[in-house]
Amino acid sequence: MTSSRYTLCLGALLALTGCAVGPNYKRPVVNTPATFRGAAEVNVVTANSFADLPWWGVFKDPALQDLVREALTNNYDLRITLTRVDQARALQAQAHSQFLPQIGYDGEAARGRNEYLGTITPNPKPVTTDSYLAGFQAFWEIDLWGRVRRMNEAARANFMASQEGRRAVTISLISGVAGAYFELLELDDQLAIAQRTRDSYERTLKLFEDQHAGGLASKLEVSRAELALRTVTATIPEIERQIGLKENEINTLLGRNPGPVPRTSTLLAQEMPVEIPVGLPSSLLERRPDVREVEQRMREANAEIGVAIGDFFPRIGLTTFYGGTSTDFDNLLKSQANIWSAAATAAGPVFTGGRLTGRYRQTKAAWEEAKLAYQQTALVAFREVSDALISHRQFEDERVEQVQAVGAGREAVDLATARYKEGKASYYEVLEAQQQLYPAENSLSRIEAARRLTIVQLYKSLGGGWSLKDSEWTGASE
């Protein structure tokens, strides 16, 4: 064969090894909105995003930061996810190993009559002999069709998906701890309101009882004052129960046994960001780890199609063996006992009863499932951001009205008390004003907590902290 023919053959081989069967990955089209619904009303449509901030730049309460750091170290869901990352990394290493020759060793020692290493050797005079074999064998599959490359592509996508899954769990954990902490502070606030109202009602009841004893008040006024007192007092054990349950929830997130949760701040002391830029919807697909995870699953499914197609083609490989064989163990390593072989192999399917076709169809259906899951996850992501923005705006408006309602309620109590002291009204007016103030204060506490929980929801829905290095998740860079 001339040198030009050698060149032609080599070029053909390189061309074959440079391509891979099956479709190349292409991200499917997603109907991305131009802006987030609810963003325009609060004037936060910018290229920057609130989620660019590290979590400790959003949740500034030192006690909360300590809880988050402990959760990032000890939470079981996160630790389980880390083991899945290790498994995916090991699977990727297994797939990558198929690019390299597979080398093993073989050895055998036997003793038999008219037989040598399992092979019958007829002899007119039966002879009992010893036989020994030792050597190394190697096999390397030439990836002409790209089947091995597609397997590696699928394994890498699986590994990347596990990494994104870990980030998703991390963001959910941070948001879960922060949300539970704010809910705990809300319960503390409600308990303080209930205790303060109870003390006020106790003074009212004592006053009515004294007046009734002196004939200045009716039994009806005493009964109604006692009803108000007992109603409020009955709520305190329920609030304390909820506090205990919420503390247990936080401790579970922290990976520790039930117990009290330290906090040195109040709900109203929690800082709220003045401006909340959310960035562009198109960047959300690159930011949210759950969307990125589903996309990697889609890459994996796409690569599996190539693997299935590659199974239709013959597998071509090179196999070699080098070692020694002898009837005398002492001569096994001598040159006269050496044996070697080199061969090219090719094996492919002829009839499989539809197995390969079924495998191909299954991978195509898996790709369609992954594509739909990606589009659905993106749609849910757009919705969650919009929900948080709408809630943030509405809670701000509700808070303004409720603050005025509480202010009016407190003024009514003060005016009723002053009228009573001046003898212009009965103390019943004071009691009535107090009864209206208590639910108003509870509603304001609920709204204040909801405003902060909305910030948590928005930070999570935007993929908070997405641009940070993994080592920075613990806040060690502060």
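The rules behind each value
- Residues numbered from 1 in each chain as written.
- Predicted model: local features only at pLDDT ≥ 70, side-chain atom pairs only at ≥ 80, totals over all residues.
- Heavy atoms only, no water.
- Helix = DSSP H or I, 4+ residues; strand = E, 2+ residues; numbered from the N terminus.
- Rg over C-alpha atoms; globule rule 2.2 N^0.38 Å.
- Buried < 20%, exposed > 50% of the residue type's maximum accessible area, 1.4 Å probe, protein only.
- Contact = heavy atoms within 4.5 Å.
- Salt bridge = Lys/Arg side-chain N within 4 Å of Asp/Glu carboxyl O.
- Pairing = 2+ DSSP bridges.
- Expected span 1.5 Å × (residues − 1).
- Axes fitted to C-alpha atoms, helices over the stretch in contact; angles between N-to-C directions.
- pLDDT = per-residue confidence, 0-100.
- Core = buried A, V, L, I, M, F, W, Y, C linked by side-chain atoms within 4.5 Å.
- Patch = residues over 30% accessible without salt bridge, like charges linked within 9 Å, V, L, I, M, F, W, Y side chains within 5 Å.
- Areas by Shrake-Rupley, 256 points an atom, 1.4 Å probe, with all protein chains shown as cover.
- Parallel < 35°, antiparallel > 145°, perpendicular 65-115°, else oblique.
- Left-handed = near helix turned anticlockwise from the far one by under 90°.
- Nonpolar A, V, L, I, M, F, W, Y, C, P; charged D, E, K, R; others polar.

Asks: It is not clear to me how the overall build of the protein chain should be interpreted in this structure. Could you clarify?
Replies: Helix and strand content of the protein chain: 10 helices and six strands. Compactness check: the protein chain gives a C-alpha radius of gyration of 37 Å against a globular reference of 23 Å for 478 residues, more than 25% above the reference. C-alpha extents for the protein chain along the principal axes are approximately 135 × 55 × 50 Å. By the burial criterion, 39% of the 478 residues in the protein chain qualify as buried. A fraction of 83% describes how many contacts in the protein chain between residues 6 or more apart in sequence connect residues 24 or more apart.

Asks: Teacher, can you tell me more about the pattern of salt bridges here?
Replies: Between side chains of opposite charge, pairing is possible as soon as their charged atoms come close. Scanning all chains against the criterion turns up 36 salt bridges. Each of Glu396, Arg399, Glu448, Arg451 and Arg452 takes part in salt bridges that share partners, so that together they form one network.

Asks: Explain the pairing of strand S4 (residues 128-142) to me, please; I cannot follow it from the model alone.
Replies: Sheet faces and side chains relate simply in a regular strand, where the side chains alternate between the two faces. One ladder, built from 12 bridges, connects strand S1 (residues 102-113) with S4; its direction is antiparallel. For glutamine 102, the partnering residue across the bridge sits in S4 and is phenylalanine 139. Of the pairings in the sheet, the one linking S4 to strand S5 (residues 315-326) comprises 11 bridges and is antiparallel in character. Within the sheet, the bridge partner assigned to leucine 133 lies in S5 and is threonine 325.

Asks: What should I look at first to understand helix H6 (residues 219-253) in this one?
Replies: Since one α-helical turn is 3.6 residues long, residues separated by three or four positions face the same way. For H6, spanning 35 residues, the distance from its first C-alpha to its last is 52 Å, which sits close to the expected 51 Å at 1.5 Å a residue. Along H6, the residues that are buried comprise Val222, Ala225, Ala228, Leu229, Val232, Ile236, Ile239, Ile243, Lys246, Glu247, Ile250 and Asn251. Those residues of H6 that are buried lie in contact with helix H3 (62-74), helix H5 (147-213) and helix H10 (427-461). Note on H6: the residue one or two positions beyond its end, glycine 255, has a positive phi of about 70°.

Asks: Which parts of the structure should I look at to understand the pairing of S5?
Replies: Note that S5 and strand S6 (residues 338-347) share 10 bridges and pair antiparallel. Looking at the pairing, glycine 317 lines up with threonine 345 of S6.

Asks: Help me understand the sheet that holds S1 in this model?
Replies: Within a sheet, neighbouring strands are paired by backbone hydrogen bonds and run either parallel or antiparallel to one another. With respect to topology, four strands assemble into an open sheet ordered S1-S4-S5-S6, the strand pairing being antiparallel. Either end of the sheet is taken by a strand with one partner, and the two such strands are S1 and S6. Going across the sheet, the axis of each strand differs from the next one's by a mean of 20°, ignoring polarity.

Asks: Would you explain the environment of threonine 363 in this entry?
Replies: Relative to the helices and strands, threonine 363 is located in helix H9 (residues 355-421). Setting aside residues no more than four positions away along its own chain, threonine 363 makes contact with Ala301, Glu304, Ile305 and Ala308.

Asks: Looking at this structure, I do not really get the environment of alanine 51. What am I missing?
Replies: Take alanine 51: it is sitting in the loop between helix H1 (3-18) and helix H2 (55-58). Relative accessible area serves as the criterion here: at 0%, alanine 51 is assigned to the buried category.

Asks: Is there a simple way to think about the side chain of threonine 197 in this case?
Replies: With respect to the secondary-structure elements, threonine 197 resides in helix H5. Not counting residues up to four positions away in its chain, the partners in contact with threonine 197 are Val232, Tyr438 and Glu441.

Asks: Which parts of the structure should I look at to understand the confidence of the model for the protein chain?
Replies: Caution applies to low-pLDDT parts of the model: their predicted coordinates are not meant to be read in detail. Of all residues in the protein chain, 92% have pLDDT values of 70 or greater, and the mean over the chain is 87. Confidence drops under a pLDDT of 50 for residues 6-17, and excluding neighbours within four residues, the segment shows nine contacts in the predicted structure.

Asks: I keep staring at the nonpolar core and nothing clicks. Help me out?
Replies: Generally speaking, soluble globular proteins have nonpolar side chains that are buried together. If you look at the biggest cluster of nonpolar residues, it comprises 80 residues, and the most contacted ones within it are Phe59 and Leu458. Per element, the largest residue contribution to this core is 16 residues, and it comes from H5. Residues in contact with leucine 458, not counting those within four places in the same chain, are Phe50, Ile276, Val278, Val385, Ala388 and Leu389.

Asks: Just to check I follow, could you spell out a nonpolar patch on the surface for this structure?
Replies: A cluster of nonpolar residues, Ile103, Tyr105 and Phe136, forms a patch on the protein surface that exposes about 440 Å² of accessible area. Relative to the assigned elements, tyrosine 105 resides in strand S1. The class for tyrosine 105 is exposed, based on a relative accessible area of 69%.

Asks: It is not clear to me how the packing of H5 against H6 should be interpreted in this structure. Could you clarify?
Replies: The relative placement of two packed helices comes down to the angle between their axes together with the axis-to-axis distance. Interaxial distance between H5 and H6 falls to 8 Å at its minimum, and their mutual angle equals 160°. By the angle between their axes, H5 is roughly antiparallel relative to H6. Every pair of crossing elements has a handedness; the one defined by H5 and H6 is left-handed. Here the residues of the contact of H5 with H6 are counted per class, giving 21 nonpolar, nine polar and 12 charged.

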